[in-house]
Amino acid sequence: MSYAHPEAIVNTQWVHEHQNDPKVRIVEVDYDPIANYQLGHIPGAILFDWRRDLNHPLQRDILSKEQLETLFSRSGITDETKIVLYGDFNNWFAAYAFWDLQYYGVKNVVLMNGGRKKWIDEDRPLSKEIPQYSHTKFHAQAPDDNLRVYLRQALDLYNKPNVKLVDVRSPKEFTGEVLAPPEYPTEHAQRGGHIPSAVNIPWSQAVKEDGTFKPYEDIKKLYESQGVTADKDVVAYCRIGERSSFTWFVLKYLLGYPKVRNYDGSWTEWGNLVRNPIEKPIQAQAVTLPA
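Just so we're clear, the structure is a prediction, and the values are computed from it rather than from any experiment.

Basis of the calculations
- Here the residue index of a chain counts from 1 through its sequence in written order.
- For a predicted model such as this one, the threshold for reporting local features is a pLDDT of at least 70, and the threshold for listing and counting side-chain atom pairs is 80 or more; totals across whole chains, interfaces and linings nevertheless cover every residue.
- With hydrogens and water set aside, each side-chain value is computed from the structure's full complement of heavy atoms.
- Helix and strand definitions follow DSSP, with helices as H or I runs of at least four residues and strands as E runs of at least two, each counted in order from the N terminus.
- Partly exposed residues are those whose accessible area sits between 20% and 50% of the maximum for their type, while under 20% is buried and over 50% is exposed, using a 1.4 Å probe and protein chains only.
- It only takes one pair of heavy atoms within 4.5 Å for two residues to be counted as in contact.
- Within 6.5 Å between ring centres, the rings of Phe, Tyr and Trp (the latter by its six-membered ring) count as paired, and their orientation is classed by plane angle as stacked under 30 degrees, edge-to-face over 60, tilted in between.
- Should the NZ of a Lys or the CZ of an Arg lie within 6 Å of a ring centre and within 35 degrees of the ring normal, that charge is described as sitting over the ring.
- By definition, two strands form a pair when at least two bridges between them are found by DSSP.

**Q** Got a minute to help me understand unusual backbone geometry in this structure?
**A** Excluding glycine, most residues fall at negative phi; most peptide bonds, likewise, are trans. The phi dihedral of Asn90 falls on the positive side, at around 55°, and the residue is not glycine. Checked against the element boundaries, Asn90 lands in helix H4 (residues 88–103). For Ser197, which is not glycine, the phi dihedral falls at a positive 80°. Mapped onto the elements of the fold, Ser197 is located in the loop between helix H7 (171–175) and strand S7 (199–200). We classify Ser197 as partly exposed; its relative accessible area is 39%.

**Q** What is the right way to look at helix H3 (residues 65–74) in this model?
**A** Because the α-helix completes a turn every 3.6 residues, residues three or four places apart line up on one side. Turning to H3, its buried residues number three or more, namely Gln67, Leu68, Glu69, Leu71, Phe72 and Ser73. Tucked into the core, H3 has its buried residues touching helix H2 (50–53), strand S4 (82–86) and H4. Taken from the residues just after H3, Gly76 is the one with a positive phi, measuring 70°.

**Q** Looking at this model, I keep getting lost on the packing of aromatic side chains. Mind explaining?
**A** How two aromatic rings sit relative to each other is set out by the distance from centre to centre and by the angle between their planes. Under the defined criterion, the tally for this structure stands at 23 aromatic pairs. With a centroid separation of 4.7 Å and an interplanar angle of 65°, the aromatic rings of Phe72 and Phe138 are classed as edge-to-face. Here Phe138 lies in the loop between helix H5 (115–121) and helix H6 (151–157) and Phe72 lies in helix H3, a separation of 66 residues in the sequence. The burial state of Phe72 is the same as that of Phe138; both residues are buried. Their ring planes at 80° and their centres at 5.2 Å tell us that Phe98 and Tyr253 sit as a pair that is edge-to-face. Here the residue Phe98 occupies a position in helix H4, and Tyr253 occupies one in helix H9 (residues 242–254), the gap between them amounting to 155 residues. Side by side, Phe98 and Tyr253 carry an identical accessibility label, which is buried. The residue whose ring lies beneath Arg148 is Tyr103, and the NZ or CZ to ring-centre distance is 5.3 Å.

**Q** I tried to follow the pairing of strand S6 (residues 163–167) on my own but got confused; where do I start?
**A** Side-chain positions along a regular strand alternate between the two faces of the sheet. Of all five residues in S6, five are buried, a share of seventy percent or more. In S6, alternate side chains face the same way, and those of Val163, Leu165 and Asp167 on one face and Lys164 and Val166 on the other are all buried. For S6 and strand S8 (residues 233–237), the ladder comprises five bridges, and the chain directions are parallel. Bridging from a neighbouring strand, Asp167 pairs with Tyr237 of S8. With two bridges connecting them, S6 and S7 associate as parallel partners.

Here it is, written out as structure tokens:
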């Protein structure tokens, strides 16, 4: 069976054939743009820096409607432009950008299946040239809060029987053995563990070794085996919201679940608040005191 919304992804060959199409804007979104985009990117691709371009400059929040309009204007994007997103870590932050754009009603956007890794593995061309495009005018829509969960909602939802919380972090983050992966030392919380009732399905279990998505039936079995079914109100979360955006995309666009939301405050919000409920295995709570 094909994905519920196969139109939401394109393959590397399609991108190769359309890299010079004026109606297509290819966008790279990396965790580390200096180590990736500047060393080589798909010819014609522009960069969205997730820290600078996709986040509010002051508050902890995603970019504002006005920021998005400015970003698109300087990128030469119009309402008719088809936006192709790709990036490192098998599209972590490309999926985060996809979710941001959907939040503001940008519909003509797709993910390149396999991301940066797939493009490079196929020995496709890379460029160091920074493209420049003529400025345009773009008008985003009002935010769609049906795609997002905030803290107060999360506190209300986590213990309801019709709600399924999906923690997409690594198993050691889920159990509280680590507060954050060692490569992200500034993105941890004061306490480890997970939101009570959440199930742990790491985001990476939905992709193959080459970074592309697994077949529909494999993904369906993965989530249904832990009770994450289409009749549930599904909320995905991770550490800062990027990995959960990836799982949100998988559930909404590949499986076609009707009600999937991203709790982008995620564990760096939940695990930092005083008296917030936390669950963790007993063995993970053991503390060895010095002799």
